[in-house]
Amino acid sequence: VTFILQSNKAKFSDFDTWYAPHQNRWKQDPIMRWAKDSRNTIEKQGDLETHSQVRAEIIASYMNEGPRTDWSNVPLSATPTSIYKTIPQKYFVPQIVEHGTLLIERRWVANDLPDTEILEALAHVYSDFCSTLIDLLEANQLPVPSKLTKSRPDAMGQLAMNRALYLSMKDGSVRGHRF
């Protein structure tokens with residue numbers, strides 16, 4: 001996006017003056033810096049160093065009470081059913097079985113941006129670029145396409161929503177997804 005913008009700068013009046021604050025903002029934003037560095041890495045060296053994580057936790061109370069369930073040392077490829085089957089027997093007490101929920105979360109992160117899930121980082125970049133393009137069009141009194149006003153495309157939301165799954169402790173059936 002930035003290359004296309006800069007290669008078309010002659011079409012916009014005073015582009016460099018308008019563009020400089022956006023470049024400065026991106027330099028201060030750790031996710032935008034990561035995106036630039038990642039683009040360079042992919043173009044010049046190959047794929048990013050990434051790792052995925054899977055975590056399972058039993059929710060047995062809405063008051064943050066109940067057992068800590070840190071047993072979930074399961075392989076990344078584990079299915080929800082196989083994760084359910086790894087729950088230690090000590091957690092199958094009547095209250096937890098009747099009312100508890102097993103939460104399974106999966107994350108995909110870049111090694112050099114470990115605190116932000118890759119889909120969230122890309123959504124941030126996408127949203128920032130949309131805002132930048134809207135600003136450019138408005139500064140030049142040009143119409144703004146309606147697709148740019150959406151901060152995230154529907155497909156991005158669909159990918160993000162299936163990272164967390166809730167299973168019934170009673171029988172392992174799906175109770176829902178985190179949206």
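Whatever comes next refers back to the structure up there.
Anyway, here's the lowdown on the structure attached to this text. Note that the structure is predicted; figures quoted are calculated from it, not measured.

With that settled, the discussion passes to the overall build of the protein. Of the regular secondary structure elements, the protein holds seven helices and five strands. Per-residue burial over the protein gives 35% buried out of 179 residues. Of all intrachain contacts in the protein linking residues separated by at least 6 positions in sequence, the fraction that spans at least 24 positions is 63%. For the protein, the exposed area adds up to about 11,700 Å²; of that, 54% sits on carbon and sulfur atoms.

Take the pattern of salt bridges next. All told, the structure shown has five salt bridges when counted by the stated rule. The closest approach of N and O atoms between Lys9 and Asp16, which form a salt bridge, is 3.3 Å. Judged by its relative accessible area of 36%, Lys9 is partly exposed. Two residues, Glu57 and Arg55, come together in a salt bridge whose shortest N-O distance is 2.8 Å. By sharing partners, the salt bridges in this structure join Arg55, Glu57 and Glu105 into a single network.

For the coordinates displayed, the defined rule picks out seven aromatic pairs. Measuring from ring centre to ring centre gives 5.0 Å for Phe15 and Tyr19, while their planes differ by 25°; the resulting arrangement is stacked. Of this pair, Phe15 and Tyr19 are both found in helix H2 (residues 15-28), four residues apart, which corresponds to roughly one turn of the helix. Using a relative accessible area of 4% as the deciding quantity, one classes Phe15 as buried. What makes Tyr19 buried here is its relative accessible area of 3%. Judged by centre distance (6.2 Å) and plane angle (90°), the rings of Tyr84 and Phe92 are edge-to-face. A relative accessible area of 15% places Tyr84 in the buried class. Under the relative-accessibility criterion, Phe92 is labelled partly exposed at 26%. Through pairs of rings, three or more aromatic residues link up here, namely Phe12, Phe15, Trp18, Tyr19, Trp26 and Phe129.

Our focus in this paragraph is unusual backbone geometry. Most peptide bonds take the trans configuration, and most residues that are not glycine carry a negative phi. Positive phi, close to 55°, is recorded for Asp14, a residue that is not glycine. Assignment of secondary structure puts Asp14 in the loop between helix H1 (2-7) and H2.

Moving on, we get to the nonpolar core. Phe15, Tyr19, Trp34, Val125 and Leu136 are the most contacted members of the largest nonpolar core, which has 18 residues in total. Of all the elements in the fold, those that place two or more residues in this core are H2, helix H3 (30-44) and helix H6 (118-139). At five residues, H6 tops the list of elements feeding residues into this core. Those residues within four positions of Phe15 in sequence are excluded, and the remaining contacts are Leu5, Gln6, Lys9 and Leu136. Membership of the second largest hydrophobic core comes to 16 residues, among which are Ile58, Val74, Ile96 and Met169.

What follows deals with H3. Across its 15 residues, H3 extends 21 Å between first and last C-alpha, which sits within 8% of the 21 Å expected from 1.5 Å per residue. Looking at H3, one finds that the buried residues are Ile31, Met32, Trp34, Ala35 and Ser38. For H3, the arc enclosing every buried residue in end-on projection is 155°, short of the 170-degree limit, so these residues lie on one face. Residues of H3 that are exposed and point more than 90 degrees away from the buried face comprise Glu43 and Lys44. Looking at the buried residues of H3, the elements they touch are H2, strand E2 (101-110), strand E3 (113-117) and H6. For H3, the N-terminal capping position is held by Asp29, with its side-chain oxygen 2.9 Å away from the main-chain nitrogen of Ile31. Where H3 ends, the next residue or the one after it, Gly46, has phi of about 130°, a positive value.

Reading the values: the criteria
- Residues numbered from 1 in each chain as written.
- Predicted model: local features only at pLDDT ≥ 70, side-chain atom pairs only at ≥ 80, totals over all residues.
- Heavy atoms only, no water.
- Helix = DSSP H or I, 4+ residues; strand = E, 2+ residues; numbered from the N terminus.
- Buried < 20%, exposed > 50% of the residue type's maximum accessible area, 1.4 Å probe, protein only.
- Contact = heavy atoms within 4.5 Å.
- Areas by Shrake-Rupley, 256 points an atom, 1.4 Å probe, with all protein chains shown as cover.
- Salt bridge = Lys/Arg side-chain N within 4 Å of Asp/Glu carboxyl O.
- Phe/Tyr/Trp six-rings, centres within 6.5 Å; stacked < 30°, edge-to-face > 60°.
- Core = buried A, V, L, I, M, F, W, Y, C linked by side-chain atoms within 4.5 Å.
- Expected span 1.5 Å × (residues − 1).
- Arc of directions from axis to C-beta.
- Polar contact = N/O pair within 3.5 Å; in protein donor to acceptor, adjacent residues only side chain to side chain.

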